[in-house]
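Read off the chains here:
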Amino acid sequence: QGQLVESGGGLVQAGGSLRLSCAASGLTFSFYNLGWFRQAPGKEREFVASIRWNGGITYSADVGKGRFTISRDNAKNTVYLQMNSLKPEDTAVYYCAARTGSSSSYSYWGQGTQVTVSS
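(A) Region of the structure containing the environment of Ser118. Within the secondary structure, Ser118 is located in strand β11 (residues 113–118). On a C-alpha basis, the gap between Ser118 and Cys22 in space is 24 Å, while along the polypeptide they are 96 residues apart. When neighbours within four sequence positions are excluded, Ser118 is seen to be in contact with Leu11, Val12, Gln13 and Ala14.

Pasting the structure below:
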C-alpha cells in the first residue's frame, strides 16, 4: 500500500522561503505523477503544481505563480515544492498526492503539512 509523508512546513515571515518534501513508499515512484495541493481554513482544496512521471510540469495559473517550483528525485522517492517570496495568503495545509499516468484521479494522499506565513 502506497504512503506519502510530507515535511518541511512551518512558520515563516512574509517574503521568506520554505521547501516542502514528500517522501513516498510502497509504490513504484518513477511511474507516478505527483501533485501538490493546499487547503486554507474555510476554503476548498486547490491545485498548486504537478510533475509527471516523465518530468513534465504543470503549475496553477493562480497559486504561487513564478514563486513556487516543483521537482522530483526518483532515486529518493521524493517530490519537492520550493516556495519563495511567501505571502500571508499562502498560509494553508499543503498536501502531496500521487496518481498513475493512466489515472485521472489521485490515488494516494499525504497527511499534510502546515505552512503559516506571518505578515
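Here the narrative resumes.
(B) Inspection of the packing of aromatic side chains at higher detail. Per the stated rule, a full pass over the model turns up five aromatic pairs. Judged by centre distance (6.1 Å) and plane angle (55°), the rings of Tyr32 and Tyr108 are tilted. Of this pair, Tyr32 sits in strand β4 (residues 32–39) while Tyr108 sits in strand β10 (residues 108–109), and the two are 76 residues apart along the sequence. Taking the relative accessible area as the measure of exposure, Tyr108 reaches 18% and is therefore buried. Summarising the aromatic geometry, the rings of Phe37 and Phe47 are spaced 5.7 Å apart at their centres and angled 70° between planes, so their arrangement reads as edge-to-face. Of the two residues, Phe37 is situated in strand β4 and Phe47 in strand β5 (residues 46–51); the sequence distance between them amounts to 10 residues. Its relative accessible area of 28% is what places Phe47 among the partly exposed residues. Of the aromatic side chains, those joined through ring pairs into one cluster are Phe37, Phe47, Tyr106 and Trp109.

(C) Broad picture of the sheet that holds strand β3 (residues 18–25). The four strands lie next to each other as β1-β3-β8-β7, forming an open sheet whose pairing is antiparallel. One side of each edge strand has no neighbouring strand; the edge strands of this open sheet are β1 (3–7) and β7 (68–73). Pairwise comparison of adjacent strand axes, ignoring direction, gives a mean angle of 15° for this sheet. In terms of strand pairing, β3 meets strand β8 (residues 78–83) through six bridges, oriented antiparallel.

(D) Structural view of the pairing of β5. Relative to β5, β4 runs antiparallel, the two being bridged by five bridges. Bridged to Trp36 within β5 is Ala49. Taking the residues that link successive antiparallel strands as the turn, the β4-β5 hairpin has six residues, and the phi of Gly42 there is positive, at about 75°. As paired elements, β5 and strand β6 (residues 57–59) share three bridges and run antiparallel to each other. Directly across from Ile51, in β6, lies its bridge partner Ile57. Hairpin geometry of β5 and β6 is characterised by an intervening segment of five residues between the two adjacent antiparallel strands and by a positive phi of about 95° at Gly55.

The rules behind these values
- Residues numbered from 1 in each chain as written.
- Predicted model: local features only at pLDDT ≥ 70, side-chain atom pairs only at ≥ 80, totals over all residues.
- Heavy atoms only, no water.
- Helix = DSSP H or I, 4+ residues; strand = E, 2+ residues; numbered from the N terminus.
- Contact = heavy atoms within 4.5 Å.
- Phe/Tyr/Trp six-rings, centres within 6.5 Å; stacked < 30°, edge-to-face > 60°.
- Buried < 20%, exposed > 50% of the residue type's maximum accessible area, 1.4 Å probe, protein only.
- Pairing = 2+ DSSP bridges.
- Axes fitted to C-alpha atoms, helices over the stretch in contact; angles between N-to-C directions.

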